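Tertiary structure, described
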Amino acid sequence: MFDGTFRKPVDAAVKPIGQALKRTGLSPDHLTIMGLLVGIGAGFAIGAGRLWVGAALVVLAALPDLLDGALAKASGLSSQRGAFFDSTVDRVTDMFLLGGIAWYFAVDPEAADELPLLPFAIAGVSSLVSYQRAKAESLGIDAKGGLMERAERIIAICIGLAFNVLLIPILWIML
């Protein structure tokens, strides 16, 4: 939903930033990898119970992910390979975030024994969203839009991490 509704205004807002980043010598892949590394750090922070730190790192990881496409367009480096790499790294980052949440639940003595399975169920369902879109597009069907795309999942996770009491209900809603 957010990816479709807000894509044009967001692209317009980040276009000048992409132009500025072009002068730094960074490539879009550099930004993608930076986002991945920060996302991995977020997963470890979350697993260690540092939910606020994890939330802040999730937001920081989202920035390079937001800007890599703008840099690719500004520098004329947009490609199918780059889009594939970015999408793959997004899935890996998501798995680290959800794995961190699962670890947090696993080591929390107050959490129900089954609770670590919830983030893994979300990982499975969210990968299904990506698969459905890819399969539909390969068959010539438009599969843009819908609920719980990556942007919505990241926003929901950030809210749950920032307001710990909401984390479990948000994860159930995501599922």
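Described below are features of the structure shown in this document. Each chain has its residues counted from 1, running along the sequence as written. With the structure being a predicted model, the display of local features is reserved for residues of pLDDT at least 70 and the display and counting of side-chain atom pairs for 80 or more, all residues being used for whole-chain, interface and lining totals. Hydrogens and water are ignored here; the side-chain numbers use all heavy atoms of the structure.

**With respect to the pattern of salt bridges**
- Criterion for a salt bridge: a side-chain nitrogen of Lys or Arg within 4 Å of a carboxyl oxygen of Asp or Glu. Per the stated rule, a full pass over the model turns up 7 salt bridges.
- Here Asp 65 and Arg 150 are joined by a salt bridge, their closest N and O atoms 2.9 Å apart. Pair noted here: Asp 65 is in helix H4 (residues 51-74) and Arg 150 is in helix H7 (residues 150-162), with a separation of 85 residues, a long-range link.
- With a 1.4 Å probe rolled over the protein chains alone, any residue whose accessible area is under 20% of its type maximum counts as buried; one over 50% counts as exposed, and the rest are partly exposed. The class for Arg 150 is buried, based on a relative accessible area of 16%. Helix numbers and strand numbers start at the N terminus; a helix is a DSSP run of H or I with at least 4 residues, a strand a run of E with at least 2.

**Examining empty space enclosed by the protein**
- The definitions used throughout rest on a 1 Å grid laid over the protein atoms alone, on which a cavity is an enclosed set of points accommodating a 1.4 Å probe that cannot get out and a pocket is an open set flanked by protein within 12 Å on both sides along at least five of seven lines; lining residues are those having an atom within 4 Å of a point. Grid points are joined across faces, edges and corners, and a volume is the space filled by probe spheres set on the points. Under the definition given, this model contains 1 cavity of 30 Å³ or more.
- Of the voids in this model, the largest cavity is the one considered here, and its volume is about 60 Å³.
- Taken together, Asp 94, Leu 97, Leu 98, Ile 122, Ser 126, Arg 150, Arg 153, Ile 154, Ile 157 and Met 174 make up the lining of the largest cavity.
- Listing elements by their share of the lining of the largest cavity, those giving two or more residues are helix H5 (80-107), helix H6 (117-138) and H7.
- Just so you know the grouping, Ala, Val, Leu, Ile, Met, Phe, Trp, Tyr, Cys and Pro go in nonpolar, Asp, Glu, Lys and Arg go in charged, and all remaining residues, Gly too, go in polar. Looking at the lining of the largest cavity residue by residue, the classes come out as 6 nonpolar, 1 polar and 3 charged.

**Side note on the environment of Val 89**
- By the element assignment, Val 89 lies in helix H5.
- Val 89 sits 53 residues away from Leu 36 along the chain, and the two C-alpha atoms are 6.5 Å apart.
- Not counting chain neighbours up to four residues away, the residues in contact with Val 89 comprise Thr 32 and Leu 36. Contact criterion: two residues are considered in contact whenever any of their non-hydrogen atoms come within 4.5 Å of each other.

**Things to note about the packing of aromatic side chains**
- Pairing of aromatic rings covers Phe, Tyr and the six-membered ring of Trp, with a centre-to-centre limit of 6.5 Å; geometry is then stacked below 30 degrees between planes, edge-to-face above 60, and tilted otherwise. This model, assessed by the stated rule, comprises 1 aromatic pair.
- With a centroid separation of 5.6 Å and an interplanar angle of 45 degrees, the aromatic rings of Tyr 104 and Phe 105 are classed as tilted.
- A relative accessible area of 3% means that Phe 105 is categorised as buried.

**A closer look at H4**
- Between the first and last C-alpha of H4 there are 35 Å, a value that for 24 residues agrees with the 34 Å anticipated at 1.5 Å per step.
- If you look at H4, its biggest bend is around 25 degrees, right at Asp 68.
- Residues of H4 that are buried include every one of Leu 51, Gly 54, Ala 55, Val 58, Ala 61, Pro 64, Leu 67, Asp 68, Ala 70, Leu 71, Ala 72 and Ala 74, and no others.
- At the C-terminal side of H4, Gly 76 shows a positive phi close to 70 degrees. Between the first and last residue of a helix there are one fewer steps than residues, each counted as 1.5 Å, and that sum is the expected span. The bend at a residue is defined as the angle formed between two axes, one fitted to the seven residues ending at that residue and one fitted to the seven starting there.

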